[in-house]
Amino acid sequence: GQPISFDLIGHCADRYGVSLTAAALRWIDIAPERAILIASRDDHMLWAKSNEDAFMSRAYFATRKNTIELPRKALAHSANAHKLDSHQEVRANSWLPNEPGHVRVNELVKSAGQYDYKLTLLLLPEAEWRRPIHEDGEPEEDVLDRFTRNGQPLNR
């Protein structure tokens, strides 16, 4: 019932005798909202894990095949080392270009201490439904669109 924080995840890690990273990865699996956990070092992502809701809404980072730099405004970025904040709210598209400009993301960061990397937790609101778009830029047509375009009346 408490809002998620690295302090809360740390408490759970201590209670169950696991690392902060392991507890955060487990929380990602059961998170009630779209969430992404990122491990980073030297302003680049080491790995990232999105929960199913985030992944299905295309909110993920393909770190296996790409070296991805952190956004300059990210709390874990070295340009922001002077900030003592461990939490901020930013526009989601500063992290994820596919997100609409009005969507905000809660960003939490915690140093993983002895492992010399930082954990960032991105909490996103529920995804807005978007009509799928083909590679040619045309919206995908569904059955109802096709029927009404062809002049067939709807029988309800």
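Structural data are supplied above this passage.
These figures come from a predicted structure and were not determined experimentally. Along each chain, the written sequence defines residue order, and numbers are assigned to residues from 1. Selection of residues for local features in this predicted model requires a pLDDT of at least 70, selection of side-chain atom pairs for listing and counting requires 80 or more, and totals for whole chains, interfaces and linings are taken over all residues. The side-chain values count all of the structure's non-hydrogen atoms but skip hydrogen atoms and water molecules.

Focus on the overall build of the chain
Here's step 1: Secondary structure counts use DSSP, requiring at least four H or I residues in a row for a helix and at least two E residues in a row for a strand, with both numbered from the N terminus. Within the chain, the secondary structure is distributed over four helices and five strands.
Here's step 2: N-terminal to C-terminal, the α/β element order of the chain is α-α-β-β-α-β-β-β-α.
Here's step 3: The proportion of buried residues among the 156 residues of the chain is 36%.
Here's step 4: Once local pairs closer than 6 in sequence are excluded, the contacts in the chain between residues at least 24 apart make up 42%.
Here's step 5: Reported accessibility uses the Shrake-Rupley method at a 1.4 Å probe radius. Residues are deemed covered only where the shown protein chains occlude them. With the model as given, the accessible surface of the chain reaches about 10,600 Å², and the carbon-plus-sulfur share is 49%. Accessible area is worked out with a 1.4 Å probe on protein chains only. A residue is then buried under 20% of its type maximum, exposed over 50%, and partly exposed in between. The contact criterion used is simple: two residues touch if any of their non-hydrogen atoms lie within 4.5 Å.

Regarding the pairing of strand β4 (residues 104–111)
Here's step 1: What makes two strands pair is DSSP finding at least two bridges between them. Bridge analysis of strand β3 (residues 87–91) against β4 gives five bridges, and the strand direction is antiparallel. The residue bridging His-87 from the neighbouring strand is Leu-108, located in β4.
Here's step 2: With six bridges connecting them, β4 and strand β5 (residues 118–124) associate as antiparallel partners. Its bridge partner being in β5, Asn-106 is matched across the sheet by Leu-123.

Section: a nonpolar patch on the surface
Here's step 1: Excluding any residue in a salt bridge, patches collect residues exceeding 30% relative accessible area, merging like charges within 9 Å and nonpolar Val, Leu, Ile, Met, Phe, Trp and Tyr side chains within 5 Å. A pair is scored as a salt bridge if a Lys or Arg side-chain nitrogen falls within 4 Å of a carboxyl oxygen belonging to Asp or Glu. Together, Phe-55, Met-56 and Tyr-60 give the surface a local cluster of nonpolar side chains, amounting to about 360 Å² of exposed area.
Here's step 2: Counting through the fold element by element, Met-56 comes out in helix α3 (residues 52–56).

Some details on the packing of aromatic side chains
Here's step 1: Only centres within 6.5 Å qualify two rings of Phe, Tyr or Trp (six-membered ring in Trp) as a pair; their planes then separate them into stacked at under 30 degrees, edge-to-face at over 60, and tilted for everything else. Inspection of the entire model under this criterion finds two aromatic pairs.
Here's step 2: Summarising the aromatic geometry, the rings of Phe-61 and Trp-95 are spaced 6.1 Å apart at their centres and angled 65° between planes, so their arrangement reads as edge-to-face. With Phe-61 in the loop between α3 and β3 and Trp-95 in the loop between β3 and β4, this residue pair connects regions lying 34 residues apart in the sequence. You'll find Phe-61 and Trp-95 in the same group, each marked buried.

A few points about the sheet that holds strand β1 (residues 34–41)
Here's step 1: With antiparallel pairing, the five strands of this open sheet are ordered in space as β2-β1-β5-β4-β3. Each having just a single partner strand, β2 (44–50) and β3 make up the two edges of the open sheet. Neighbour-to-neighbour, the strand axes of the sheet open up by a mean angle of 25°, direction not taken into account.
Here's step 2: When β1 meets β5, the two strands line up antiparallel, connected through seven bridges. Bridging across to β5, Ser-40 finds its partner in Lys-118.
Here's step 3: Relative to β5, helix α1 (residues 6–16) is tilted by about 115°, and along the sheet it contacts β1, β4 and β5.
Here's step 4: Axes here mean lines fitted to C-alpha atoms, for a helix over just the part in contact, with angles spanning 0 to 180 degrees between N-to-C directions. Packed on one face of the sheet, helix α2 (residues 20–30) meets β1, β2, β4 and β5 and runs near 155° to β1.

Describing unusual backbone geometry
Of all residues except glycine, most have a negative phi; of all peptide bonds, most are trans.
Here's step 1: Of note, Asp-42 is a non-glycine position whose phi angle comes to about 50°, a positive value.
Here's step 2: Looking at where Asp-42 falls in the secondary structure, it is placed in the loop between β1 and β2.
Here's step 3: The residue Arg-58 is not glycine, and still its phi comes out positive at about 65°.
Here's step 4: Arg-58 sits in the partly exposed class, given a relative accessible area of 47%.

Remarks on the packing of α1 against α2
Here's step 1: In contact at an axis separation of 8 Å, α1 and α2 are set at 110° when each is read in the N-to-C sense. The pairing of α1 with α2 is recorded here as roughly perpendicular in orientation. For the pair α1 and α2, the contacting residues are Phe-6, Ile-9, Gly-10 and Ala-13 in the first and Leu-20, Ala-23 and Ala-24 in the second.
Here's step 2: Any residue outside Ala, Val, Leu, Ile, Met, Phe, Trp, Tyr, Cys, Pro, Asp, Glu, Lys and Arg is labelled polar, Gly included; the first ten of those are nonpolar and the last four are charged. Among the residues making up the contact of α1 with α2, the classes are represented as six nonpolar, one polar and no charged. Here is the rule for angles: anything less than 35 degrees is roughly parallel, anything more than 145 is roughly antiparallel, 65 through 115 is roughly perpendicular, and the remaining ranges are oblique.

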